[in-house]
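# Notes for the structure review
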Amino acid sequence: MPYPSPDLRLIAVDMDGTLLDGDGRIPDALWPLLDRLHARGIRFAPASGRQLATLQRAFAQHLDHMVFIAENGAYVVEGDAEISSDAMDAAFTASLVARLRALTAAGSDLGVVVCGKRSAYIERADAPFLAEAQKYYARLQVVDDLLEVDDQILKVAIFDFVEAATTAPALDDLRATHQVVVSGHHWIDVMNIGVNKGVALRRLQAATGITHEQTAAFGDYLNDLEMMDAAALSFAMANAHPDIAARARFCAPSNLDHGVITTIQKLLDGVPDAVA
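This section reports on the structure supplied with the text. As the structure is a computational prediction, the values presented were derived from the model and not from experiment.

## Side note on the overall build of the protein chain
Along the protein chain, the regular secondary structure elements total 10 helices and 14 strands. Over its C-alpha trace the protein chain gives a radius of gyration of 18 Å, about what one expects of a compact globule, namely 19 Å for 276 residues. Each principal axis of the C-alpha distribution contributes one length, and for the protein chain these read about 55 × 35 × 35 Å. Taking contacts inside the protein chain between residues at least 6 apart in sequence as the whole, the part at least 24 apart equals 58%. Per element, the accessible surface of the protein chain, about 11400 Å² overall, is 50% carbon and sulfur. Here the protein chain contributes 22 positive and 37 negative side-chain charges, whose respective centroids are spaced 4 Å apart.

Below, the structure is given as structure tokens:
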């Protein structure tokens, strides 16, 4: 099948299970590719549940050429400019924290991260949970009481040490007013209704004048679903969840085979089988 979009201007890429390798690292081959994209005037946008500071740390050597879709789309930044953000109501955040405390008291093994614009906040600070939270939050503060945090809250992330799917049903009633997204085997993200990577990508397109047809997106898990709809070149990784594979137009090799990098290289070279 021929390459359908020679005027590629924007590439949005999920991190875990998509760009990152089996050890959770950015492949070395990405760095020269980012230089090549910049030279072609193509924006590269990591799109992740991670906070902005964590993404900026991971791409520290290329910050001038990056767009970041952070917190599953709740915060979009290019350089020093905020493209969009969607903060949660303080009363709702407080009620959710109280509910999660009750679930923990009833026996669930949960860790809660309240994700603000300035930092992320936790009140559980045991070594196992701290290690998990530090993977995703470069700016992380341990506080005595999450209800006393003074910040614009973009997301509440819940880590279930057993499995996220066991806790998610207890939050089903929230779906009437908020997004409740299982974003990994152990993680659940709660955000404002309508907040997702797809909405963020469309806002970025509107702010930059980039079209759907000029956009590529790569993903592997359920929090990437809407992003598949926002790009004409939507790629499910070979290791993707079946729902992503069904939603995307094309397939890329798995993250273990550096599928994002090899596919982008083919797209830049106009290789016909890049979107086969």
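## Observations regarding the pairing of strand 6 (residues 110–116)
Most of strand 6 is tucked away: seven of the seven residues are buried. Along strand 6, one buried face is formed by L110, V112, V114 and G116 and the opposite face, lined by G111, V113 and C115, is buried too. Bridge count between strand 6 and strand 9 (residues 153–160): seven bridges; the pairing is antiparallel. When the bridges of strand 9 are listed, V114 appears paired with V156. Summarising the sheet, strand 6 and strand 7 (residues 120–122) pair through two bridges and their orientation is antiparallel. Paired with V114 across the strands is Y121, a residue of strand 7. The loop that links strand 6 with its antiparallel partner strand 7 comprises three residues.

Cut-offs applied
Residues numbered from 1 in each chain as written. Predicted model: local features only at pLDDT ≥ 70, side-chain atom pairs only at ≥ 80, totals over all residues. Heavy atoms only, no water. Helix = DSSP H or I, 4+ residues; strand = E, 2+ residues; numbered from the N terminus. Rg over C-alpha atoms; globule rule 2.2 N^0.38 Å. Contact = heavy atoms within 4.5 Å. Areas by Shrake-Rupley, 256 points an atom, 1.4 Å probe, with all protein chains shown as cover. Lys, Arg positive; Asp, Glu negative; His and termini not counted. Charge placed at Lys NZ, Arg CZ, Asp CG, Glu CD. Buried < 20%, exposed > 50% of the residue type's maximum accessible area, 1.4 Å probe, protein only. Pairing = 2+ DSSP bridges.

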